[in-house]
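Residue strings, one per chain:
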Amino acid sequence: MKPARILVVEDEAKLAQFIELELKYEGYEITVANDGVSGLTIARESDPDLILLDWMLPGISGPEICKRLRQTGSKVPIVLLTAKDDISDRVTGLDAGADDYIVKPFSLDELLARVRAHLRRTQEENPDVLQFGDLSLNYATREVFRGDRSIELTAKEFDLLEYLLSHPRQVLTREQILERVWGYDFMGDSNIIEVYIRYLRLKLEAQKEPRLIQTIRGVGYVLRD
Ligand code: CA
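Within each chain, residue numbers correspond to sequence positions counted from 1 in written order. Side-chain atom pairs in this predicted model are given and counted only at pLDDT of 80 or more, local residue features only at pLDDT of at least 70, and totals for whole chains, interfaces and linings cover all residues. The side-chain quantities take in all heavy atoms of the structure and omit both hydrogens and water.

Student: Please explain the coordination of the calcium ion as it appears in this structure.
Tutor: Around a metal, the ideal angle is 109.5 degrees if four donors adopt a tetrahedral arrangement and 90 or 180 degrees if six donors adopt an octahedral arrangement. A donor here means an N, O or S atom no more than 2.8 Å from the metal, or no more than 3.2 Å when the metal is Na, K or Ca. Since water is not included, a site may seem to lack partners. Only Asp-11 (OD), Asp-54 (OD) and Met-56 (O) from the protein reach the calcium ion as donors, at distances of 2.1 to 2.3 Å. Mapping the donors of the calcium ion onto the primary sequence gives the spacing D-x42-D-x1-M. Residue Asp-11 is located in the loop between strand 1 (5-9) and helix 1 (13-25), and its partner Met-56 is located in the loop between strand 3 (50-54) and helix 3 (62-71); the two are separated by 45 residues in the primary sequence. The class of Asp-11 is partly exposed, set by a relative accessible area of 32%. On the accessibility criterion, Met-56 (54% relative accessible area) is exposed. Strands are runs of DSSP state E lasting at least two residues, helices are runs of H or I lasting at least four, and both sets are numbered from the N terminus onward. Between buried and exposed lies partly exposed: a residue is buried under 20% and exposed over 50% of the maximum accessible area for its type, with that area taken using a 1.4 Å probe on protein chains only.

Student: It is not clear to me how the side chain of Lys-104 should be interpreted in this structure. Could you clarify?
Tutor: One can find Lys-104 in the loop between strand 5 (100-103) and helix 5 (108-125). We classify Lys-104 as buried; its relative accessible area is 15%. A distance of 3.2 Å separates polar atoms of two side chains, one belonging to Lys-104 and the other to Glu-10. Identification of polar contacts relies on pairs of N or O atoms within 3.5 Å, with a donor-acceptor requirement for protein atoms, meaning one able to donate a hydrogen and the other able to accept it, and with residues adjacent in sequence counted only if both atoms are side-chain atoms. A polar contact is formed between the side chain of Lys-104 and the side chain of Asp-54, at a distance of 2.9 Å.

Student: How should the pairing of strand 3 be read in this particular structure?
Tutor: Regular strands have side chains that alternate between both faces of the sheet. Of all five residues that make up strand 3, five are buried, and the element is covered over most of its length. Neither face of strand 3 is open: one carries Leu-50, Leu-52 and Asp-54, the other Ile-51 and Leu-53, and all of them are buried. At least two bridges found by DSSP between two strands are what make those strands a pair. Judged from the four bridges that link them, strand 1 and strand 3 form a sheet pairing that is parallel. Paired with Val-9 across the bridge in strand 3 is Leu-53. In the sheet, strand 3 pairs with strand 4 (residues 78-82) via four bridges, with the strands oriented parallel.

Student: Mind showing me how you'd approach the domain arrangement of the chain here?
Tutor: It is common to report an interface's size as the accessible area lost on association of the parts. An automatic or database domain assignment is the source of the domain bounds shown. Considered domain by domain, the chain is made up of domain 1 (5-124) and domain 2 (129-223). When each unit is reduced to the centre of its C-alpha atoms, the spacing between domain 1 and domain 2 is 29 Å. Each side of the interface is counted separately: domain 1 has seven residues, and domain 2 has six residues. Contact between domain 1 and domain 2 buries roughly 560 Å² in total, counting both sides, with carbon and sulfur atoms accounting for 35%. Note on definitions: a residue-residue contact is assigned when non-hydrogen atoms from the two residues lie within 4.5 Å. When two components associate, each loses some accessible surface as probed by a 1.4 Å sphere; the sum of these losses over both components is called the buried area.

Student: I'm lost on the sheet that holds strand 12 (residues 220-223) in this one. Help?
Tutor: Where strands meet in a sheet, backbone hydrogen bonds hold them as pairs that are either parallel or antiparallel. With respect to topology, three strands assemble into an open sheet ordered 10-12-11, the strand pairing being antiparallel. Both outer strands of the open sheet, strand 10 (172-173) and strand 11 (213-216), are each paired with one neighbouring strand and no more. In this sheet, strand 12 lies alongside strand 11 in antiparallel orientation, the contact comprising four bridges. Counterpart to Ile-213 in the pairing with strand 12 is Leu-223. Throughout, an axis means a line fitted to C-alpha atoms (over the contacting stretch in the case of helices), and angles, computed between N-to-C directions, take values from 0 to 180 degrees. Its contacts with the sheet place helix 6 (residues 155-165) against strand 10, strand 11 and strand 12, and it is angled at close to 70° to strand 12. Its contacts with the sheet place helix 8 (residues 192-204) against strand 11 and strand 12, and it is angled at close to 150° to strand 11.

Student: Explain unusual backbone geometry here, please?
Tutor: Cis geometry marks the peptide bond from Lys-104 to Pro-105; its omega dihedral reads -5°. A positive phi angle, near 50°, is found at Asp-47, a position not held by glycine. Tracing the sequence through the fold places Asp-47 in the loop between helix 2 (36-46) and strand 3. One non-glycine residue with positive phi stands out, namely Arg-142, at about 60°. Among the structural elements, Arg-142 can be located in the loop between strand 7 (135-138) and strand 8 (143-146). Look at Arg-142 and you get partly exposed, because its relative accessible area is 45%.

What follows is the structure, encoded as structure tokens:
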């Protein structure tokens, strides 16, 4: 099982650092953003498994970030961190599409319990096998099948296909793919995406099966019939 990737959007440096250290200690992969704009950008580009989102942020507020992510179809679990504990604000946060909120100051135990609960919920919805049409990929065994036909993939091809399969019918930009599959610090030729998409198509369509990975010219790719 890969470690869950959590984005922490929090402008109070000390609190952000505390959360980062504790969650890393628990084995999670953490990215921190200190303001609303970078929080929203990173949320869109890195597609985290969960977002801990401060309410009051410079730039764009937590609930506004929530709303914008939901508008673009994101289902990532979002837990709002808020100092405001009156009822109307909780409703505002949940209306904006947050899954939960934690009132500051919170205990570490409470934070970890909420994180585990929300990650568990998505893991239950996303078991080991990803499927789209006659294509299936098993994280645990790293097997890929098209119908009954077993397909051998290299590690990178597997990562790329896994990313596409976890976002069916969603257009993924070249930037998103590069960042998720090759990493933030990838400095090589960005044509690498085209090259790997071609390898994948060759393998997935070896028996003349219909194309599943479609090109969106000038934007990126989408897994679609
Ligand atoms: Ca704040």
